[in-house]
Each structure stands twice: as structure tokens, then as C-alpha cells.
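Now for the letters of each chain:
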Amino acid sequence: MIYLDEAATTPVRREVLEAMWPYLGPEFGNPSSHHEVGESAHSGLERARADVADVLGCRPSEVTFTSGGTESDNTAVKGIALASPGRHVVVSAVEHPAVLESAAWLGRFGYDVTVLPVDHDGLVDPAVLAGALRDDTAVVSIQHANNEVGTVQPIADLAAVTAERGVPLHTDAVQTAGWFDLSVGGLGVQAMSISGHKLGAPKGIGVLHVARRTPVEPLVHGGGQESGRRSGTENVAAAVGMAAALRLARGPVDDVVARRDAFVARVLAGVPGARLTGHPRDRLPGSASFVLPGTSGESVLLELQARGVVCSSGSACAAGSDDPSHVLLAMGVEPEVAQTAVRFTFGRGTTDGDLEVAATELATAVRTVGGLRA
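Description of the structure in this document. Being a predicted model, the structure only gives us computed values, none of them experimental.

1. Digging into the nonpolar core
Phase 1 of the analysis: Leu56, Leu129, Met192 and Ile194 are the most contacted members of the largest nonpolar core, which has 61 residues in total.
Phase 2 of the analysis: No other element matches the 11 residues that helix α8 (residues 236-249) contributes to this core.
Phase 3 of the analysis: Ranked by size, the runner-up nonpolar core spans 32 residues in total, among them Ile2, Trp179, Leu292 and Phe344.

Now the structure itself:
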């Protein structure tokens, strides 16, 4: 099997499991307990927090461990809005459902929600963002990179716009963790979401960074853990795994970019009518997404799976839906064409040979499906 769906999830790295193991065994304590067993767990948790803070270039006190990207997005969008006197929220049209649904939830409670358009590559125009900001804007949320088409947003440029107006900017960096420098100072953001299972940590662990001067209302109330931002006994082992995965994921990406570009060229040359979706250059290193007009996207995926190539049509969160991708529609792709989408996402361990096979099998699958349809 050639697994090309790493935007959905990645295997847990052996080094991550080894880092976690002590906290699943002898260091099993509750980090809030004031005795030797609890203090040992607490020390492990705080070392993990410091390691994450080092990667993000922030204070450890600005790092909150959550259950994943969805909770981090919800807490950022809802929590910052609820802590602000403003009643206006801005998001982009291509956000992950965790952001879009959080904004819609706020809308049901009287907040005004502005959804920013994107161009045909999926990019937000900083000038359009500037025009959308109001005196009562509480928070802006724009993803660092899109999970379906891979387009990387000009976050630093967008952050300059929000900073001029004093509006907090949150970015969903779930897809960029491990690929890009996530220094919050360099990006200029006040909040950031990361998910562990996208970079070699287990499912069920995430990180939310919130700058210390950015108020945020907690969504989970209780014993006041995580500096009051997220109550509940922390999953120490998973937090340690998250920190280890972030450290291990850093590294050069030029070779992955070269493999991606060669794969895109093979697909466009070998599959008649195939169109690349997303920005041709400003995209995730390990992401190549296409629409295949005149085919059945679902049938192509099934044919590829039968041939040992595992990929997807887009977001795993939308799997099983008959509706075309909201991301592709926002980019101006026709609904019937949007339903032919296929997405290949891969990591540093994916070889040139894997991608050569995938490109060949995609061409064969399209011919086979086309023949069946005829």
C-alpha cells in the first residue's frame, strides 16, 4: 500500500511512542496532585509545554494543551470573541469546518460574521481583509494553509493588517506544523492551533497558543487546569508525545517540494483534462490536489485503492458527504467539477518511486473509470 493521505492523519512515530511510554506506566500520576507521583507527572507536562513553546517562539504560559485542532479552533474563535466587547467576527470562506462552525455558532448568539472571499488559487487578499475590519471586530481567523488544496496564506501580510487595527488574528496551523517556521512573532499572530496526529503524535492531543495579552474565555470549565484556559486533567503522555513530534518534524523541505512538483507534472501530463487546484507555488510541500472533469471522483478513489494507492477527495471531516467541497466552490470551481476532486498528501518518508507509481495508477484509474462510464 502507498499511503498518500497524511493531511488526514499520520502514523505515530516510534520516537514519540518511546517518549510517551513512561507517562503511560511508572509516571502515571495526576499532574495536579501535590505529592511525589503527581509532581513527577507535572514536571513531564511542563517540560513538554516548554518544548512546544520553544518551537513556537513563545512563553510556556501561552501554550494550552487541548484534545486536538478542532477544540483549539473552537476555543480561539469563540473564546477570544466572548472575551471581547466587540460583536463582529471575520473568517475566510475556505476555513476548516471547526472555524466556520464556530463563527456560525457565534452568529446564532448575535455576532455579525463576515466571510472573506478568496481568489481562484484560494488566497485571501490583505486589502479585502482591511476593508472588512470594523471598530467592533473581536477576532479574525484565517488558516495558515488549506487542508484540501494546500494553498498557503500570506499570514504575515494579513497579520500586519489586523495589527494596525488592534484586532487579534488566529491562524489554524494544523497543516503547516512540521513544514514551516511557526514562530508566532514572525507570523504576527495572537493565537494558533496545532493538532498532534497530523505530524506523528497520537490522535486526541492538540495545542492552542494564545498571546498573554489576548483575553480568551474558556469553553471547558472545572478545576482550572491549563492556567484556567482549559479545565480537566491533562493527558500528560499525549502532551509529551506532541512536544516530541513537533521537535522531530522540523527539517528541510526542498526535497519534498521537488518530489511534489515532479508528481504534479506527471499527473498533468498523463491524465487528460486534469487540473491542479490551489496555488501552483505557495502550497504545502507534501500536497497535490486535482479535479478530473468528466470522471467520478469517488470511483477514481475506489479504483486507486484497489490498486494499492490510498488518497482522498479532500477533508476527512467531510468524508461521506455528497455536497461538493466548500473550498473548491469558494475558489470558483463548478459544483460538478468539484465533485471530481482527488487529493494526494505525503511526508518526508514518501519516495519518488511511490509518487511515480501513484501518478501511473491515477492515469490508469481515470481510463478505467471512463471506460466503465462509457
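2. A word on a nonpolar patch on the surface
Phase 1 of the analysis: A grouping of Leu82, Leu219 and Val220 is seen on the molecular surface, where their side chains present a nonpolar patch of about 200 Å² in accessible area.
Phase 2 of the analysis: Within the secondary structure, Leu82 is located in helix α3 (residues 69-82).

3. Description of helix α4 (residues 97-108)
Phase 1 of the analysis: Between its first and last C-alpha atoms α4 spans 16 Å; for 12 residues at 1.5 Å apiece the expected length is 16 Å, and the two agree.
Phase 2 of the analysis: Looking only at α4, the buried set comprises Ala98, Val99, Ser102, Ala103 and Leu106. Axial view of α4: buried residues confined to an arc of 130°, hence all on one face. In α4, the exposed positions angled more than 90 degrees off the buried face are occupied by Glu101 and Arg108.
Phase 3 of the analysis: Two residues or fewer past α4, Gly110 is found with a positive phi of approximately 95°.

4. Here's the deal with the sheet that holds strand β5 (residues 137-141)
Phase 1 of the analysis: Spatially, the seven strands line up as an open sheet ordered β2-β8-β7-β6-β5-β3-β4, and their pairing is mixed. Taken across any chain shown, the strands that pair with only one partner, and hence form the sheet edges, are β2 (63-66) and β4 (112-116). When strand polarity is set aside, the average angle formed by the axes of neighbouring strands in this sheet is 20°.
Phase 2 of the analysis: Bridge analysis of strand β6 (residues 169-172) against strand β7 (residues 191-195) gives three bridges, and the strand direction is parallel. Across the sheet, the residue bridging to His170 is Ala191, located in β7.
Phase 3 of the analysis: Packing against the sheet, helix α2 (residues 36-56) makes contact with β2, β7 and β8 (206-210), and its axis sits at approximately 115° to β2.
Phase 4 of the analysis: The strands touched by α3 within the sheet are β2, β3 (88-92), β5, β6, β7 and β8, with β7 carrying the most contacts at an inclination of about 165°.

Parameters at a glance
Residues numbered from 1 in each chain as written. Predicted model: local features only at pLDDT ≥ 70, side-chain atom pairs only at ≥ 80, totals over all residues. Heavy atoms only, no water. Core = buried A, V, L, I, M, F, W, Y, C linked by side-chain atoms within 4.5 Å. Buried < 20%, exposed > 50% of the residue type's maximum accessible area, 1.4 Å probe, protein only. Helix = DSSP H or I, 4+ residues; strand = E, 2+ residues; numbered from the N terminus. Patch = residues over 30% accessible without salt bridge, like charges linked within 9 Å, V, L, I, M, F, W, Y side chains within 5 Å. Areas by Shrake-Rupley, 256 points an atom, 1.4 Å probe, with all protein chains shown as cover. Salt bridge = Lys/Arg side-chain N within 4 Å of Asp/Glu carboxyl O. Expected span 1.5 Å × (residues − 1). Arc of directions from axis to C-beta. Pairing = 2+ DSSP bridges. Axes fitted to C-alpha atoms, helices over the stretch in contact; angles between N-to-C directions. Contact = heavy atoms within 4.5 Å.

Any functional reading would require information beyond the geometric quantities listed.
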